[in-house]
Amino acid sequence: MADRVSYANNDGMNYDVDVLIVGAGPTGLALAAQLAGYGTSFRIIDRRQGPSTQSRALAVQPRTLEALRPFGISAEMARGGTPAHQLHLHLPDETVQIGLFDIGIEDSAHQQLLFLPQSETERILLNYLGARGIRVERGAELLGLERLDPEDPFAGMEARVQRQDRGIDRIRARYVVGADGAESTVRRRAGMDFRGSGYADTFVLADLEVDGVAPGAVHAYPTDDGFMVLFPLGNPATWRMISLKERGDKSAVTLEYLQGIADKFSGGGLTLHDPKWISSFRLSHQMAEFFQSGSVFLAGDAAHVHSPVGGQGMNTGIQDALNLGWKLALGARGLAADELIDSYDAERRPVARGIVSFTDRLFKLATSRSALAKLPRTKLLPALAPSLASSERLRARAFRTMSQLGIHYRGSTMTAAGANRLPAVLASGPRPGDRLPDAVVHYQQKERRLQDLVSAPGFHILLTGPGWPEDTPHQLHAALAGLGPLLSVQRLVVGSTLTASGPGIIEDVSGLAFERLGLSARRPEVLVIRPDGYIGYRSNGTDVNGAVAYLERLTGSGARSSLQMA
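Here the structure is a predicted model, which is why all the values come from computation and not from measurement.

Chemist: I keep staring at the overall build of the protein chain and nothing clicks. Help me out?
Modeler: The helix and strand tally for the protein chain stands at 14 helices and 29 strands. The buried share among the 566 residues of the protein chain stands at 56%. Considering only residue pairs separated by 6 or more positions, the protein chain has 70% of its internal contacts joining residues 24 or more positions apart. Accessible area of the protein chain: about 23,200 Å², with a carbon and sulfur share of 50%. Taking the average place of the 60 positive charges on the side chains of the protein chain and the average place of its 60 negative ones, the gap between the two points comes to 2 Å.

Structure, rendered in structure tokens:
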């Protein structure tokens, strides 16, 4: 933030800001956007003089667009990006066309794989922050981190920052978040290990024009020699090309070099021209041993790096940020139990581990050169591709995984089911820890989306089905008075466009919301939606004491009131 104000927290410790964000890529900017929504004091610094001007990460998955909807920027991203609805798999003897994201993600408003240059994602997030008077402090490099209390790793940190405009700056922060990339200074200064290894192959990338391919589709060319993929980028060039150099090849990557790669994989049917960006680099698959060390947290590439195969990297980083931000915001207000703050590592590290493993397997399938290891690519894929393309079950499962809509926190201690909730094997609909599915509903006689109605900062309680006493919302607000505006209570009912809805009533006219949530119009249930859009608590019946106890556990004593539920 622009102003430096020192204040004391409840423990008497003086801080300049609640959160210091180091790194202003998509991960750091998304974290800043969420903290801003909670009114949390923060500063965001970056050693670079300006934002990224290169396309770099380009795939934006449906879950990321959902997660960014509370900031009102998803529609702008969708308008500026290029959707891909088909994969053209160019095999030696045929080309198989496979629909992309056309099944398995019906419960999202964003049913497309979107390609948008990272520079555009950053620009949109920067504009969002700028409209709220928030600026990135550029040319500010982190030099060191030191605990404010040597005996207490959770008491906050002092960061020593080299400022090009005014020398050394010292920032005392309750929390420090390293979103500063794979070579993270925060990670090194906090003494957090980065484990894994590098790949032997060198990637080549280019944004350029290509003649000879159908527009609006992803084109993949797997062969004995490896692979080449063309993604429909749109801007700054129509196509993003990605492939591999031969091992040991030290040739400069020029347009002529890229044309040779294209000729090898396409049989000479493509013409490359007008490159806007050409690059080559090595990759690794690595992950931090922990994502938290006391008051220091890691997110995005600072916490995990992996192959870009599958388009998961930037999306995972943004969702790291949005899992962490609300927890730190509540912690700064004294509304987060220690277990809630610590749950960031417990929830996001398993997700990152799964994605690192998933992309590593995909990468090895696409690049293996040994006769045995490349069999799935060279023999099985051509034989099975037509069947895979026609199998709705397999495609639905694959798209659910790639879209990141299937990510869940079911094993987290920050989720719970009521004592009278049916066992998971019998219950229908999403479980505690699952993402809240979306559907079109009616609110105040207007068509809205369910996820949008529970997107304001804070916790949202949905009372569903019949039998709810009229004063239940009042009773919940009274019992959790410490949450104040960070608690919303609404009714979700099966409704009709012909009936006038009351305040706080969400009407499911189509019945899709009830169906996707596994609800019954004849059975009451209570659901607590966490600030990140995941179901935290779920129980049958009209007894809400379990929901109150759940929120008290997450928020410590901060949410409690002297009033008790009857």
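That covers the picture; the talk isn't over yet.
Chemist: Just to check I follow, could you spell out helix H12 (residues 472-479) for this structure?
Modeler: Structural remark: α-helix, 3.6 residues per turn; residues separated by three or four positions point the same way. Of all the residues in H12, the buried ones are Thr 472, Leu 476, Ala 478 and Ala 479. Seen from one end, H12 has its buried residues packed into an arc of 165°, which puts them on one side. Buried-residue contacts for H12 involve strand E25 (459-464), strand E26 (487-494) and helix H14 (545-555).

Chemist: What exactly am I supposed to notice about the environment of Ala 78 here?
Modeler: Checked against the element boundaries, Ala 78 lands in helix H3 (residues 74-80). A sequence separation of 329 residues divides Ala 78 from Ile 407, and the C-alpha atoms of the two residues are 22 Å apart. Non-local contacts of Ala 78, meaning those with residues more than four positions away in its chain, are made with Gln 112 and Leu 114.

Chemist: What is the right way to read the pattern of salt bridges from this model?
Modeler: For the coordinates displayed, the defined rule picks out 29 salt bridges. Asp 102 is the partner of Arg 395 in a salt bridge, and the nearest nitrogen-oxygen pair spans 2.6 Å. Placement of Arg 395 in helix H10 (residues 392-402) and of Asp 102 in the loop between strand E8 (95-99) and strand E9 (113-115) is noted, with a sequence separation of 293 residues between them. Judged by relative accessible area, Arg 395 falls into the buried class, the value being 11%. The partner of Glu 246 in a salt bridge is Lys 264, and the shortest N-O contact between them spans 3.3 Å. Of the two residues, Glu 246 is situated in the loop between strand E17 (239-244) and helix H6 (255-266) and Lys 264 in helix H6; the sequence distance between them amounts to 18 residues.

Chemist: Where do I start with the sheet that holds strand E29 (residues 535-540) in this structure?
Modeler: In space, the eight strands of this open sheet follow the order E22-E29-E28-E25-E26-E27-E23-E24, with mixed pairing throughout. Looking at which strands have only one partner, the edges of the open sheet turn out to be strand E22 (416-417) and strand E24 (446-449). For strand E28 (residues 525-529) and E29, the ladder comprises five bridges, and the chain directions are antiparallel. Looking at the pairing, Ile 529 lines up with Ile 535 of E29. Contacting E25 and E26, H12 runs over the sheet at an angle of about 155° to E26.

Chemist: Could you clarify how one ought to interpret the side chain of Asp 508 in this entry?
Modeler: With respect to the helices and strands, the residue Asp 508 is situated in strand E27 (residues 505-508). Buried and unpaired, Asp 508 has Arg 516 as its nearest opposite-charge partner, separated by 8.4 Å. A distance of 3.2 Å separates the side chain of Asp 508 from the backbone nitrogen of Ala 513, its partner in a polar contact.

Chemist: Help me understand a positive patch on the surface, please; the structure alone is not making it clear to me.
Modeler: Together, Arg 47, Arg 160, Arg 188 and Arg 189 line one region of the surface with positive charge. Locating Arg 160 in the fold gives a position in strand E12 (residues 157-163). Given a relative accessible area of 32%, Arg 160 falls into the partly exposed group.

Chemist: Looking at this structure, I do not really get the packing of helix H1 (residues 26-37) against helix H4 (residues 118-130). What am I missing?
Modeler: Packed helices, taken two at a time, are described by the angle their axes make and the gap between the axes. One way to put it is that H1 packs onto H4 with a least axis distance of 10 Å and a crossing angle of 25°. Of the possible angle classes, the one that applies to H1 and H4 is roughly parallel. When you trace H1 past H4, the crossing you get is left-handed. Seen from H1, the contacting residues are Pro 26, Leu 29, Ala 30, Ala 32 and Ala 33; seen from H4, they are Gln 118, Thr 121, Glu 122, Leu 125, Leu 126, Tyr 128 and Leu 129.

Chemist: Sorry if this is basic, but what is going on with the packing of aromatic side chains here?
Modeler: Given two aromatic rings, their pairing is described by the distance between the two centres and the angle made by the two planes. Counted under the stated rule, the structure contains 11 aromatic pairs. Centroid distance Phe 297 to Tyr 344: 6.2 Å. Interplanar angle 65°. Geometry classified as edge-to-face. Highlighted residues: Phe 297 in strand E20 (residues 296-298) and Tyr 344 in helix H8 (residues 338-367), separated in sequence by 47 residues. No difference in accessibility class separates Phe 297 from Tyr 344, as the two residues are buried. If you follow Arg 132 out to its NZ or CZ, it ends over the ring of Tyr 128, 3.7 Å from the centre. Lying over the aromatic face of Phe 194, Arg 187 brings its terminal NZ or CZ to 3.7 Å of the ring centre.

Chemist: Would you mind showing me how to read the pairing of E29 here?
Modeler: Looking along a regular strand, one sees the side chains alternate between the two faces of the sheet. Most of E29 sits inside the fold, with six of its six residues counted as buried. Hairpin connection, E28 to E29: the antiparallel pair is bridged by five residues, and Gly 533 has positive phi, about 85°.

Chemist: What exactly am I supposed to notice about the packing of H1 against helix H7 (residues 313-332) here?
Modeler: Where H1 contacts H7, the two axes come as close as 8 Å, and the packing angle between them is 30°. Taken together, H1 and H7 sit at an angle that is classed as roughly parallel. The element H1 and its partner H7 pack so that their crossing is right-handed. Contact with H1, carried on its side by Pro 26, Thr 27, Ala 30, Leu 31, Gln 34 and Leu 35, involves Met 314, Gly 317, Ile 318, Ala 321, Leu 322, Leu 324, Gly 325, Trp 326 and Ala 329 of H7 and no other residues of that element. In terms of residue class, the contact of H1 with H7 is built from 11 nonpolar, four polar and no charged.

Chemist: Even after reading the chapter, I still don't get H14, so can you show me in this structure?
Modeler: Every buried residue of H14 is accounted for by Ala 547, Val 548, Tyr 550, Leu 551, Glu 552, Leu 554 and Thr 555. One or two residues past the end of H14 sits Gly 556, with phi positive at roughly 70°.

Chemist: Teacher, can you tell me more about the nonpolar core here?
Modeler: Counting 92 residues, the largest nonpolar core has Val 176, Phe 459 and Ile 461 as its most contacted members. Ranked by residue count, the leading element in this core is H7, at nine residues. Beyond its immediate stretch of four places on either side in the chain, Val 176 contacts Leu 20, Val 22, Leu 145, Met 157, Val 186, Ser 295, Val 296 and Phe 297.

Chemist: Would you mind going over the sheet that holds strand E16 (residues 226-232) with me for this structure?
Modeler: As a general point, the strands of a sheet are linked pairwise by backbone hydrogen bonds and lie either parallel or antiparallel. The strand order across the open sheet formed by eight strands is E8-E7-E15-E16-E17-E14-E18-E21, and the pairing between neighbours is mixed. The sheet is open, and its two borders are formed by E8 and strand E21 (304-305), each paired with just one other strand. Here 14 bridges tie strand E14 (residues 194-211) to strand E18 (residues 271-288), and the two strands are oriented antiparallel to one another. Following the sheet pairing, Ala 206 is matched in E18 by Ile 278.

How each quantity is defined
Residues numbered from 1 in each chain as written. Predicted model: local features only at pLDDT ≥ 70, side-chain atom pairs only at ≥ 80, totals over all residues. Heavy atoms only, no water. Helix = DSSP H or I, 4+ residues; strand = E, 2+ residues; numbered from the N terminus. Buried < 20%, exposed > 50% of the residue type's maximum accessible area, 1.4 Å probe, protein only. Contact = heavy atoms within 4.5 Å. Areas by Shrake-Rupley, 256 points an atom, 1.4 Å probe, with all protein chains shown as cover. Lys, Arg positive; Asp, Glu negative; His and termini not counted. Charge placed at Lys NZ, Arg CZ, Asp CG, Glu CD. Arc of directions from axis to C-beta. Salt bridge = Lys/Arg side-chain N within 4 Å of Asp/Glu carboxyl O. Pairing = 2+ DSSP bridges. Axes fitted to C-alpha atoms, helices over the stretch in contact; angles between N-to-C directions. Polar contact = N/O pair within 3.5 Å; in protein donor to acceptor, adjacent residues only side chain to side chain. Patch = residues over 30% accessible without salt bridge, like charges linked within 9 Å, V, L, I, M, F, W, Y side chains within 5 Å. Parallel < 35°, antiparallel > 145°, perpendicular 65-115°, else oblique. Left-handed = near helix turned anticlockwise from the far one by under 90°. Phe/Tyr/Trp six-rings, centres within 6.5 Å; stacked < 30°, edge-to-face > 60°. Lys NZ or Arg CZ within 6 Å of the ring centre and 35° of its normal. Nonpolar A, V, L, I, M, F, W, Y, C, P; charged D, E, K, R; others polar. Core = buried A, V, L, I, M, F, W, Y, C linked by side-chain atoms within 4.5 Å.

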